[in-house]
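# Remarks on the overall topology
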Amino acid sequence: LYGGEWTAEGIYFTASQKMAVHLFRLDPATREITRITAPDDVMASAFSFSKDGKQMAFVTMSPTSLREVCVSGFPFKPRTLTRMTDQAAPFILGTREVVSWKSKDGTTIEGVLIKPADFDQAKKYALLCIIHGGPTGVDQPVLLSPDARYYPADIWAARGALILKVNYRGSAGYGEKFRMLNVRNLGVGDAWDVLSGVEFLIKKGWVDPARVGCMGWSQGGYISAFLTTSSRAFKAISVGAGISNWATYYYNTDITPFTIQYLGADPAMDPQIYAKTSPMTYIKNAATPTLIQHGENDRRVPIPNGYELRQGLTDRGVPVE
């Protein structure tokens, strides 16, 4: 749920449904919930209502447009006020589509696939996986996503790469059961979801398996670290502010309860679950060249996680910077 507004008609709020974001109305008397926005794949947010509650302004985005300000009354018939997307006209941008596949345990996983503008399905491309943080974040098929400041996907697509963004288990928008699938299974199940997505695209014949890379920030950095020590599917991996050892994280982070919420106990009470889900447990298997990006003063994912992974890879002779 995001934000809210209470008018004479009821309580309005926005919420995710898979990758879409909709406006809903709750009737306080009957508790009936009605979806206001359409179509099914709309991504609308930042709603602001007139004093009488009969008009609203909001922001929309799409696979082919930047964020635009719109207005609508009831029923929902949006009218766009801005032309922010005009500034992208001189650029040749990749295309975005939603893809889905089955993970190792049969769970359906969705992702955003970005293709070069001149995509040729008979050609095999390099593949770059970008993994969101959270773990309750969600990637959407939008023209300019928030992670573009870290990972300029359209530039890479223009240079001949496919980009896959994976909404791994625990991502928001897919319901309570899906959100719980990485409880006491962090890293392990997440890796299944990324690796199965790579295999899905390889089987389609679109990907050169010798040219696959992976990257992510925060929780996405953790999953990248897990993959660099437990998998050999990637040519190179970048770990952005990632967790390498959940016990190290637990004793240093500014949000200590996070680990207990997902793993169920502290490291002293259940060292086995901390071992199972920590990249450092699998360091002897590591072979993938790795770039570690980490802020020295990061309080959320403190820098010891970066140093620990760096030293572990160095000890094994794995190229690391």
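In case you missed it, the structure is sitting above this.
Basis of the calculations
Residues numbered from 1 in each chain as written. Predicted model: local features only at pLDDT ≥ 70, side-chain atom pairs only at ≥ 80, totals over all residues. Heavy atoms only, no water. Helix = DSSP H or I, 4+ residues; strand = E, 2+ residues; numbered from the N terminus. Rg over C-alpha atoms; globule rule 2.2 N^0.38 Å. Buried < 20%, exposed > 50% of the residue type's maximum accessible area, 1.4 Å probe, protein only. Contact = heavy atoms within 4.5 Å. Areas by Shrake-Rupley, 256 points an atom, 1.4 Å probe, with all protein chains shown as cover. Lys, Arg positive; Asp, Glu negative; His and termini not counted. Charge placed at Lys NZ, Arg CZ, Asp CG, Glu CD. Disulfide = S-S within 2.5 Å. Pairing = 2+ DSSP bridges. Salt bridge = Lys/Arg side-chain N within 4 Å of Asp/Glu carboxyl O. Axes fitted to C-alpha atoms, helices over the stretch in contact; angles between N-to-C directions. Parallel < 35°, antiparallel > 145°, perpendicular 65-115°, else oblique. Nonpolar A, V, L, I, M, F, W, Y, C, P; charged D, E, K, R; others polar.

## Section: the overall build of the protein
- The secondary structure content of the protein amounts to eight helices and 15 strands.
- Computed over C-alpha atoms, the radius of gyration of the protein comes to 21 Å, within 12% of the 20 Å expected from 2.2 N^0.38 for 321 residues, which places it in the range of a compact globule.
- Along the longest, intermediate and shortest principal axes, the C-alpha atoms of the protein span 65 × 50 × 40 Å.
- Buried residues in the protein amount to 50% of all 321 residues.
- Long-range contacts, defined as pairs at least 24 residues apart, comprise 58% of the intrachain contacts of the protein with a sequence gap of at least 6.
- When the accessible surface of the protein is summed, it comes to about 15,600 Å², and 54% of that surface belongs to carbon and sulfur atoms.
- Between the averaged position of the 34 positive side-chain charges in the protein and that of its 30 negative side-chain charges there is a distance of 3 Å.

## Quick word on the state of the cysteines
- Within this structure, the stated rule accounts for zero disulfides.
- Cysteine 129 takes part in no disulfide bond, and the closest cysteine sulfur, belonging to cysteine 214, lies 5.6 Å away.

## Remarks on the pairing of strand β6 (residues 56-62)
- Of all the seven residues making up β6, five are buried; the element is thus mostly covered by neighbouring parts of the structure.
- Remark: six residues form the turn of the hairpin made by strand β5 (residues 43-49) and β6, two consecutive strands paired antiparallel; glycine 53 in that turn has positive phi of roughly 75°.
- With six bridges connecting them, β6 and strand β7 (residues 65-72) associate as antiparallel partners. Paired with serine 62 across the bridge in β7 is serine 65.
- Hairpin remark: β6 followed by β7, antiparallel, with two residues in the connecting loop.

## With respect to the pattern of salt bridges
- Within the structure shown, the criterion is met by ten salt bridges.
- Across the pair arginine 96 and aspartate 154 runs a salt bridge, and its minimum N-O distance is 2.6 Å. Of this pair, arginine 96 sits in strand β9 (residues 95-102) while aspartate 154 sits in helix α1 (residues 153-158), and the two are 58 residues apart along the sequence. With respect to class, arginine 96 is no different from aspartate 154; both count as buried.
- Here lysine 115 and glutamate 97 are joined by a salt bridge, their closest N and O atoms 3.0 Å apart. Taken together, the residues lysine 115 in strand β10 (residues 108-115) and glutamate 97 in strand β9 connect sequence positions 18 residues apart.
- Among the residues examined, lysine 115 registers a relative accessible area of 10% and is labelled buried.
- The exposure class assigned to glutamate 97 is partly exposed, which follows from its relative accessible area of 28%.

## Observations concerning the packing of helix α3 (residues 188-203) against helix α4 (residues 219-230)
- At a minimum axis distance of 10 Å, the contact between α3 and α4 shows a crossing angle of 80°. As far as their axial angle goes, α4 and α3 are roughly perpendicular. Residues Val188, Asp190, Ala191, Val194 and Leu195 of α3 form the contact with α4, whose participating residues are Tyr222, Ile223, Phe226 and Leu227.
- Taken together, the residues that form the contact of α3 with α4 break down as eight nonpolar, no polar and one charged.

## Notes on the environment of threonine 229
- Examined against the element boundaries, threonine 229 turns out to sit in helix α4.
- Put simply, threonine 229 and glycine 216 are 13 residues apart on the chain and 15 Å apart in space, counted from C-alpha to C-alpha.
- Setting aside residues no more than four positions away along its own chain, threonine 229 makes contact with Pro279, Tyr282, Ile283, Asn285, Ala286 and Leu309.

Scope: geometric values only; no functional claims are made or implied.
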